[in-house]
Amino acid sequence: MRSVLPRTLALGAALLLYASMASTAQSSDWPPVTSETRPWTRWWWPGSAVDEPGLSAELEALRAAGIGGVEITPIYGAAGAESRFVPYLSERWVHLLTHTLREARRLGLGVDIATGTGWPFGGPWIAERDACRSLLFRTWTVEGGQQLADPVRLEQEPLVRALGNQVYEVREVTAAEPAPSGTQATPLLRPGARGIQIVDLKEPVEANENLQALALEQVRYPKAAPLAALVASSQQGESLDLTTRVSESGVLDWTAPPGTWTLHGVFLGWHGKLVERAAPGGEGNVIDHFSRDAIRTYLTRFDRALADADLTGLRAFFNDSYEVDDATGQADGTRDLFTEFQRRRGYDLRRHLPALVDKRSDDHSDRILADYRQTISDLLLDTFTTEWAGWARTRGRIVRNQAHGSPANLLDLYAASDIPETEGYDLRRLKWATSAAHVAGRRLVSAEAATWLGEHFRSTLADVRSAVDTFFLASVNHIVYHGTAYSPLSEPWPGWLFYASVEFNTRNPWWTDFGALNAYVTRVQSFLQAGELDQDVLLYYPFYDSIAVRGSARLRHFGGANAPAEGDAFEEAAATLQRRGFLYDYISDRQLAAAHVAGSELQTGGRARYKTVVLPASRFIPLDTFEKILALAKEGATVLAFRGLPAGVAGSGDLDARQSQFRTLRDGLRFAAPDAAGLSEARVGRGRILRGDDLDALLARADVAPELLVDRGFEFVRRKSKSGLTYFIANRSPHRLQYWIPLRGRATSAAIFDPMTGSRGDARVRRSPTDELEVYVSLGSVESVIVQTGGARINEDYVSGEPGGVPIDIPGPWTVRFDRGGPAMPSEREVRRLASWTTFGGEDVKEFSGTAIYRATFPRPPGDAFAWRLDLGRVHDSARVHLNGRDLGTLIGPTFAVVANPEWLSASNVLEIHVTNLMANRIASLDRAGASWKKFYNVNFPARLAENRGPDGLFSAARWTPLDSGLIGPVTLTPLARK
């Protein structure tokens, strides 16, 4: 190490920065910044009540804060702005879109747009024929020699589900009447009002006026559902298709043969799901996601509206998560179901209708039900997903798709998307999207990030960073915040808001510090989008096992918050791989079919390479998949049969022949006797299959080594480049972790980058007794670092500073000047003891949300320290630090400390700290005053937590006590010694 103080100095991995020194000569060290390396945000257009000046102003603010792009999603509007509503896809709406695209190009921002309003796809141009459908069943019993007396008819039950303004009053700004009372579960009606009944509605839905106020979510009109099939079954197992013998009036022309016959009628009703949170002009039926005709009809409307529009700069069309069945009943049918089933499964589903209705579970019924679900999965992929993506590509655009929540194999749906997008909090669930992206060779995988982190207005920038790190550790590399609601420039604070958001907008007090978080995200993503994938293991997903579990409904939905199967070999394998430090991806039957062996490694259709594939024990496996597994082994692959080989073949069609073929293949494997670890091996061509119950032992036998840094408590993802490996390493424990950690490869050097501060330097390295490269990493809680092995030296030391003495207090006194915020600006004051500014006295400080500037002077501390750590102690909730006029950076927590160069200190020093709190205290003051800021159609701001519901069932902060705000300290200087 050099004897002079390096330009880059770290205290742990927060690399508490020499901010001014880190600003030069870094462009060659960090990957280039683009609009895609920056984070994006979902940009709601409430009521599409936007205008050109407002759009330009918001885009400029987003770009200045470090946002790289926006996803435009029109949404329901705000009361009082009805005259400004712009109908979706109208000429005016398209003009506003093209204005946005021009402005985005001027600012270097990317743009995606949702292919619709709210979610899922649908609108007023979707008629009954193309709307989502439900299977309805009815049975009759007929004795031999008799005819059915009843008509073969089924009247679907009427249903209305509505949100909002029939029960939750949207009060106009000028309204003076008292707020209604009640709860979300049992709301009270407005005086003289009643809940919407089906008789109140015209048919079709779009014929009703004031659809924004009606806020309809699901409507089923009372009508006869069309007959899809009628099948008679005898007690001896004989089956007759009687569908064509039913007249239009429902009369069955059939006399029962001898014996007792059960007639199974299946009808195709209307599910009734409407577009949720629809914008004006977007209200209407949700499409049938299993119909090619439905998605084509839906997209034709966009072709007409956008035919003459200049869409230069539009990157992608976006689809929000499936969410069709978060309603009463399921959209589990489609017009061509039986035809498609016969074509895909090879037999007639109509002959097995009881298996779709009965609750009993046996091998035959489970297979029929699974085949039905497999057909639905195939249709969702082959019609909706593929058609939509193909439509976008023929128009020079790509698609960004959230597949989770679908009744389908998520890996195949995500892989059919150009940018798969996930959401949530559980790392192993997030990997459905990232796995598909890796296996299919997609460069970007995105995340709807920071949705509902906590209760409204209480989320900090540190909370957002923690959530974002979870996505990074799942290999997400394209963050899309959830999100930013457009608000008119003239709208009083807090402006227009979206109900499920952290509120990434200029009205949030921490907007002034938001850029520090965005810079962090940009730096991490610049590495995670560079280089190549470097994964260890493929984990086969036995989808057929999942869909053969009967459950309480005909369809199963996957991804998101769905709980894992307890004791399932697949889930156990995923948990083990994650815990032990292996980088792995899930792979589906369809994706595995495209894999081949390159050398001794497995290569997928997306050209990603893996050392082995884990085949977890399963009840079923498609015969084609098992044959592919054996073929890969013959080519030289190592297959790990964890907890045994599959028990049987999937599917019901031609079962005996396929089961016989499967058993011949399986039983033809010659496994040696188990060794001391319980592992046995079967040679297959140039490869092998290893079988055992200990996954760690199986992986070791396959020469797949874990990354040992996880044993120290770190979490990581890894990529590779021409010069070496790149690691994103995070500490999500509550304690500081500081260890020498071994990393892979034969490199002799490593560089270390702090994405929070932008500083970098040469890492401290050594060789282990086994000649491995070891790097010293020290990370505080919720801190992260990027380590890159190999490559050219930066010739700057990345030094961990250790305390070289006791902390020295900076006691003040402190002047506190309130700089920006509201509702009123408290007066400047001097404080002798740091505490929350809400304790300063007076209501104005309790209600204030914004920024206060703390200023104190202090003498140069004694001693000749290598450097000084300036620790702010407790801060609520972000801070910008200035020392003697020098900007030392923005701190977003959860720790608030920065390293100061001794040369920056004078005999007398001025410390200035700009501290910003949350929106919460000001919102609470509005709610206590009864201000009318909750004025939104449809979902009018529900509470995240039940205890924060007001008398009207909506969110209320009126009972909140003021949250701690400002600089609470203690503020200290600690001398550091070089280590």
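This text gives an overview of the structure that appears in the document. Given the structure is predicted, the values throughout are model-derived calculations rather than measurements.

Section: empty space enclosed by the protein
Tallied over the entire structure, the rule returns 12 cavities of 30 Å³ or more. One number sums up the size of the largest cavity: a volume of about 110 Å³. What lines the largest cavity is a set of 13 residues, and nearest its centre among them are L211, A215, L216, A278 and E283. Taken together, the residues of the lining of the largest cavity sort by class into 8 nonpolar, 3 polar and 2 charged.

A short note on the environment of D371
Along the polypeptide, D371 turns up in helix α7 (residues 363–394). For the pair D371 and S652, spaced 281 residues apart in sequence, the C-alpha separation works out to 7.3 Å. In contact with D371, not counting residues within four places along its chain, are F341, R345, Y347, Y544, G651, S652 and G653.

Here we look at the packing of aromatic side chains
In this description, an aromatic ring pair is defined by two values, namely the gap between the centres and the angle between the planes. The tally for this structure, following the rule as stated, stands at 54 aromatic pairs. Of note, K223 hangs over the ring of W270, and the distance from its end group to the ring centre comes to 4.9 Å. The ring of Y584 carries the charged tip of K431 above its face, separated from the ring centre by 4.4 Å.

Some details on helix α16 (residues 655–667)
Over its 13 residues, α16 runs 18 Å from end to end, which matches the ideal 18 Å to within 8%, given 1.5 Å per residue. The complete set of buried residues in α16 reads R658, Q659 and F662. All buried residues of α16 project into a common sector of 100° when viewed along the axis, lining one side. Away from the buried face of α16 by more than 90 degrees, exposed residues D656 and T664 are located. Against the buried residues of α16 lie α7, β25 (620–621), α15 (623–635) and β27 (648–649).

Looking at the pattern of salt bridges
Tallied over the full model, the rule gives 71 salt bridges. The partner of R42 in a salt bridge is E71, with the nearest N and O atoms 3.0 Å apart. Placement of R42 in strand β2 (residues 40–46) and of E71 in strand β3 (residues 69–75) is noted, with a sequence separation of 29 residues between them. When its relative accessible area of 0% is taken as the criterion, E71 is described as buried. Its salt-bridge partner being R732, residue E715 comes within 3.0 Å of it at the nearest N-O pair. Remark: R732 occurs in the loop between β31 (725–731) and β32 (737–743) and E715 occurs in strand β30 (residues 715–720); sequence separation between them is 17 residues. Connected through shared salt-bridge partners, E36, R42, E71, D112, R315, D320, R400, E421, R443 and E448 make up one network.

Describing α7
In this model, α7 (32 residues) spans 44 Å end to end at C-alpha, consistent with the 46 Å of a helix rising 1.5 Å per residue. Taken as a whole, α7 carries its principal kink of about 35° at T386. Counting buried residues along α7, 25 of its 32 residues qualify, which places the element largely inside the surrounding structure. Its side-chain oxygen 3.2 Å from the backbone nitrogen of H364, D362 forms the N-cap of α7. G396 sits one or two positions beyond α7 and adopts a positive phi of about 75°.

Comments concerning the packing of helix α5 (residues 337–345) against α7
With their axes 10 Å apart at the nearest point, α5 and α7 run at an angle of 100° to one another. In terms of orientation, α5 and α7 fall into the roughly perpendicular class. From α5, L337, E340, F341, R344 and R345 reach across to α7, where they touch D371, Y372, Q374, T375, I376, D378, L379 and D382. For the contact of α5 with α7, the class distribution of residues is 5 nonpolar, 2 polar and 6 charged.

Description of unusual backbone geometry
Following W493, the chain continues to P494 via a peptide bond in cis, the omega torsion being 10°. Turning to its location among the elements, P494 is positioned in the loop between β17 (478–485) and α11 (511–528). Of note, the amide linkage connecting G969 to P970 takes the cis form, showing an omega dihedral of 0°. Position of P970 relative to the elements: it lies in the loop between β50 (966–969) and β51 (972–977). In this structure, E323 takes a positive phi of about 50° despite not being glycine. Tracing the backbone shows E323 in the loop between β13 (314–319) and α5.

What to know about the pairing of strand β11 (residues 260–270)
The buried fraction of β11 amounts to 9 of the 11 residues, a majority that puts the element mostly inside the structure. With 7 bridges connecting them, strand β9 (residues 227–234) and β11 associate as antiparallel partners. Across the sheet, the residue bridging to V231 is H264, located in β11.

Focus on the nonpolar core
In this structure, Y372, I479, Y481, F514 and F728 are the most contacted members of the largest nonpolar core, which totals 189 residues. It is α7 that contributes the most residues to this core, 13 residues altogether. Each residue touching F728, except ones within four places of it in the same chain, is listed here: D469, F472, L473, Y520, V524, L528, E715, F716, V717, S784, V785 and I786. By size, the runner-up hydrophobic cluster in this structure holds 35 residues, among which are F840, L911, V915 and L967.

A closer look at the side chain of Q591
With respect to the helices, strands and loops of the structure, Q591 is situated in helix α14 (residues 589–592). Assessed through its relative accessible area of 9%, Q591 is described here as buried.

Focus: the side chain of D589
Position of D589 relative to the elements: it lies in helix α14. One buried charge, D589, has no salt-bridge partner; the nearest side chain with opposite charge is R590, at 8.5 Å. Residue contacts for D589: discarding those within four places in its chain leaves Y540, Y541, F543, P622 and T625.

Quick word on the sheet that holds β31
Judged by pairing direction, the sheet is antiparallel, and its 6 strands sit side by side in the order β18-β30-β31-β37-β33-β34 without closing on themselves. Because the sheet does not close on itself, it has two edges, and the strands there are β18 (532–533) and β34 (760–762). Sheet analysis places β31 next to strand β37 (residues 783–789), joined by 6 bridges and oriented antiparallel. When the sheet's bridge partners are listed, Y727 is paired in β37 with V787.

Observations regarding the sheet that holds strand β20 (residues 584–587)
One open sheet holds the 6 strands; their spatial order is β20-β19-β24-β26-β29-β28, and the pairing between them is mixed. At either margin of the open sheet sits one strand with a lone partner, and together these are β20 and β28 (680–684). Adjacent strand axes in the sheet meet at a mean angle of 25°, parallel and antiparallel pairs treated alike. Here strand β26 (residues 638–642) pairs with strand β29 (residues 687–692) via 5 bridges, running parallel. Counted as the bridge partner of T638 is R688 from β29. The sheet contacts of helix α9 (residues 427–440) involve β19 (537–540) and β20, and relative to β20 the element is tilted by about 80°. Relative to the sheet, α15 contacts β19, β24 (612–616), β26, β28 and β29, its axis offset from that of β29 by approximately 120°.

What counts and how
Residues numbered from 1 in each chain as written. Predicted model: local features only at pLDDT ≥ 70, side-chain atom pairs only at ≥ 80, totals over all residues. Heavy atoms only, no water. 1 Å grid on protein atoms, 1.4 Å probe; cavity = no way out; pocket = protein on both sides within 12 Å on 5 of 7 lines; lining within 4 Å. Points joined across faces, edges and corners; volume = space filled by probe spheres on them. Nonpolar A, V, L, I, M, F, W, Y, C, P; charged D, E, K, R; others polar. Helix = DSSP H or I, 4+ residues; strand = E, 2+ residues; numbered from the N terminus. Contact = heavy atoms within 4.5 Å. Phe/Tyr/Trp six-rings, centres within 6.5 Å; stacked < 30°, edge-to-face > 60°. Lys NZ or Arg CZ within 6 Å of the ring centre and 35° of its normal. Expected span 1.5 Å × (residues − 1). Buried < 20%, exposed > 50% of the residue type's maximum accessible area, 1.4 Å probe, protein only. Arc of directions from axis to C-beta. Salt bridge = Lys/Arg side-chain N within 4 Å of Asp/Glu carboxyl O. Bend = angle between axes of the 7 residues up to and from the residue. Polar contact = N/O pair within 3.5 Å; in protein donor to acceptor, adjacent residues only side chain to side chain. Axes fitted to C-alpha atoms, helices over the stretch in contact; angles between N-to-C directions. Parallel < 35°, antiparallel > 145°, perpendicular 65-115°, else oblique. Pairing = 2+ DSSP bridges. Core = buried A, V, L, I, M, F, W, Y, C linked by side-chain atoms within 4.5 Å. Lys, Arg positive; Asp, Glu negative; His and termini not counted.

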